[in-house]
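Analysis of the macromolecular model
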Amino acid sequence: MSLLPTRRPVTALALCVTALVLTGPAVAAPEPAGAPSAAALPYQDASLAVADRVDDLLSRMSLDDKLGQMTQIEKDALVPRSDLATYRIGSVLSGGDSTVSPNSAQTWADTYDSLQRTALTTPLGIPMIYGIDAVHGHNAVRGATLFPHNIGLGATRDPALVQSIGRAVAEEVSGTGIDWDFAPCLCVARDDRWGRTYESYGETPELPAAMTSFVTGLQGETLGAGPASVLATAKHFIGDGGTTGGVDQGDTRVSEAELRAVHLPPFKEAVRRGVGSVMLSYSSWNGVRSHANKYLVTEVLKGELGFTGFVVSDWAAVDQLDGQTGFTGAEIATAVNAGVDMVMVPNDYRKFLTLLRGEVAAGRVPQARIDDANRRILSEKFRLGLFEKPLTDRSYTGTVGSAAHRSLARRAVGASQVLLKNEGGILPLPKSAKLFVAGKSADDIGNQSGGWTVGWQGRSGPVTDGTTVLQGIRATVTDPARITYDRYGNGIDPTYTAAVAVVGETPYAEGRGDRPNGLVLDQEDLQTLGRLKASGVPVVVVLVSGRPLDIAAQLPDWRALLAAWLPGTEGAGVSDVLFGDRAPTGRLPVTWMRSASQEPVNDGDGKTPLFPYGFGLTYGGTDPTPTPTPGACTAQFRTASSWQGGYQAEITVRNTGSAALTGWSVDWDLGGSTVSSLWNGSLTTAQGRATVRNTAFNGSLLPGATTSFGLTANGTAGAPVPHCSGT
């Protein structure tokens, strides 16, 4: 989800809504429907199939009931709270700056249950579904466990770890009653200037596709089949990471072939995993807004990919379609007819419902489209078990910020660290060393957690509970008295073994985080680093940032560079790597620019970066992926589609042996073609032949198992005969 910089303050909003109440509602309240009999109705029978329950419930719903289900509103806009039932509202959300007081798991759970009890007072008793952006943990709740942002998780190359994180997030979210998470973000970030780069798992489609394991972590293998099952959201469909210039909410100007090759695969994999909802992007594709693009939403997502869940708009995104402030009936009709099932209004729900009702009455939004949207929404509510268990499962409230979840987060932080330089093997540091620690992010949990941390844009300072990098260092060394800290580097002298500088970015989210004019370190960081350099003490830099920064000019002054990304609340995971309690194993999920003038810079584009995609050192040197030796596998080449001057292909690798493979390699004659993009593999070309090796997540194949990779190419496909070898 995104929030617009022009959000109205909640206090002003409350006054506006109160005025509406005093002068009469903008839309007449729905007529009460007949109350169900005491005997259970078919839709209330949990033993029936979901489709049968939906059919029965739909047959009993008025138009007002149906339009309400398609409406999602901000919690703080709900004035009076009884409007939740009066207008049959189907969903409530908390935006990035929406909170409760006191901000605790208990208060969130109490708030949820109060709202849900109101929703259940409608004649049909349809429960609401409550959404929130838990994008790196339950980040709206003070004291929750905050995991590394997605760019760090992409560096781990560990889908199983990410699935475990998804499960932990589901437990903490469930403990506050909330049943719908606006995550994961499956954007493929192609320009580091974009302020949402840290929400992406990486710049190539195979990384976000692999990390859709987060969906399984949130929902379980089957939505609602077990406890603490939370509806996941694949967002933002589609191409938000590929906008020209990295402009947030901009225009992705690429061919359909490139859109499909680069930006579609993660969503395809999320649909295969059964993701329950998809959120659309503010961005456009070749000038057409995603919220108005019926071809992409209805034909590709729902038709071609077979998505059976529901599509939700982003925050007030429907209001952007005509470029003017305020909803219009035409905007609503365009979005709903394009395939939007639920509209995140989020504030003026009375006006929205009046306009939507008018569009249906005029025939501009067909009744069949309303019924389809309701069928999709209600199906997910039934699958979640909301009709049977609508209130908070308090057995999970105590998991918020639990020791077990913090331990998992610390492990994830350690796995996400990417060692980019280690001159003279200065790392790992001796635990007995005399060390000087400096930098604005050394002792700042807000900085290390980044945006979407107890607030939309995040902020510096002690915003939540956890362990800073400095605290982790002091807890790791043999004598904390040998650690000196000064944020600005003042007081350092040549007697120190090393200086650890924790520098980088301060928190931001979309919009505010766009950097069209460069990605350099700020003046405070440069001055701090200058003081450390002047002392003659070897400098180890820990870079806390949501993306690569332009540091080529400073790099020669540093003995070591560790990319820590945005690690979240468990800063001890950084010290684990600094002192060798675990070796660095992270690999760059994005290409690291030599200078900002290279942007956009991505794997395979022919540019020479400072550090290539996939780069990462470990202690003792590099740790390259071994080249597979010949083994028992086959590869089948299939042309998926073609057009004048190009084609898209899928190659299926099968383990034909009796033992498991741990890696594979496929090569074939290109026949004069040139590969323009590739996913789910690592490509090299030489002497007219292409060689594709497995990625970290698809190299293991049991006997008889298959995996696949895909590509687009310029030229004619022909009928290549690929050769497969494996280990």
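Residues numbered from 1 in each chain as written. Predicted model: local features only at pLDDT ≥ 70, side-chain atom pairs only at ≥ 80, totals over all residues. Heavy atoms only, no water.

1. Here's the deal with the state of the cysteines
So the rule is basically this: Disulfides are defined in this document as cysteine sulfur pairs within 2.5 Å. Counting from the N terminus, the helices are DSSP H or I runs at least four residues long and the strands are E runs at least two residues long. The rule is simple: take the accessible area with a 1.4 Å probe, protein chains only, and divide by the maximum for that residue type; under 20% is buried, over 50% is exposed, in between is partly exposed.
Taken as a whole and judged by the stated rule, the model has one disulfide. Cysteine 633 shares a disulfide with cysteine 724; S-S distance 2.0 Å. Here the S-S torsion is close to -105°, and the disulfide linking cysteine 633 with cysteine 724 is therefore left-handed. Here cysteine 633 is found in strand β20 (residues 633–643), whereas its partner cysteine 724 is found in strand β27 (residues 723–726), with 91 residues between them in sequence. When its relative accessible area of 9% is taken as the criterion, cysteine 633 is described as buried. Given the relative accessible area of 8%, cysteine 724 is considered buried.

2. Quick look at the sheet that holds strand β7 (residues 277–280)
Stated precisely, the cut-off is as follows: Only strands that DSSP links by at least two bridges are regarded as paired with each other. Only the contacting stretch of a helix is used when fitting its axis, a line to C-alpha atoms as for every element, and angles between N-to-C directions run 0 to 180 degrees.
Taken together, three strands build an open sheet; the order of strands is β5-β7-β10 and the sheet is parallel. Two strands in the sheet have a free side with no partner beyond their single neighbour: β5 (233–237) and β10 (310–312). Each strand axis lies, on average, 25° off the axis of its neighbour in the sheet, ignoring direction. The pairing of β5 with β7 spans four bridges and is classified as parallel. Its bridge partner lying in β7, lysine 235 is registered against methionine 279.

3. Topic: the nonpolar core
Formally: Each nonpolar core is a collection of buried residues, namely Ala, Val, Leu, Ile, Met, Phe, Trp, Tyr and Cys, held together in the definition by side-chain atoms within 4.5 Å. Contacts are assigned to residue pairs that have any heavy atoms within 4.5 Å of one another.
Ranked by size, the top nonpolar core spans 102 residues in total, and within it Ile165 and Phe237 carry the most contacts. If one sorts the elements of this core by residue count, helix α7 (residues 159–174) sits on top with seven residues. With near-sequence residues (within four places) excluded, isoleucine 165 lies in contact with Phe147, Leu153, Phe214, Leu408 and Ala412. Counting 69 residues, the second largest nonpolar core, distinct from the first, contains Ile151, Ala442, Val500 and Val502.

4. Points about the packing of aromatic side chains
For any pair of aromatic rings, geometry is given as the distance between the ring centres together with the angle between the planes. Our working rule: Whether two aromatic rings pair depends on their centres lying within 6.5 Å, for rings of Phe, Tyr and Trp, where Trp uses its six-membered ring; planes under 30 degrees apart make the pair stacked, over 60 edge-to-face, and the rest tilted. To sit over a ring, a charge needs its Lys NZ or Arg CZ within 6 Å of the ring centre and within 35 degrees of the ring normal.
Summed over the entire model, instances satisfying the criterion amount to 16 aromatic pairs. Taking the centre distance of 5.1 Å and the plane angle of 75° together, the rings of tryptophan 180 and phenylalanine 310 count as edge-to-face. With tryptophan 180 in strand β4 (residues 180–181) and phenylalanine 310 in strand β10, this pair connects stretches of sequence that are 130 residues apart. For the pair formed by tryptophan 180 and phenylalanine 310, the shared burial category is buried. Residues tryptophan 592 and phenylalanine 611 carry aromatic rings whose centres are separated by 6.4 Å and whose planes lie at 85° to one another, so their mutual orientation is edge-to-face. You can see tryptophan 592 sitting in the loop between α20 (572–578) and β18 (617–618) and its partner phenylalanine 611 sitting in the loop between α20 and β18, a full 19 residues away along the chain. By relative accessible area, phenylalanine 611 is classed as buried at 8%. An aromatic cluster is present here, built from Trp565, Trp592, Phe611 and Phe615 joined pairwise through their rings. Between arginine 157 and the ring centre of tyrosine 613, over which it is positioned, the NZ or CZ distance is 5.2 Å. When the ring centre of tyrosine 508 is taken as reference, the NZ or CZ atom of arginine 515 above it lies at 5.3 Å.

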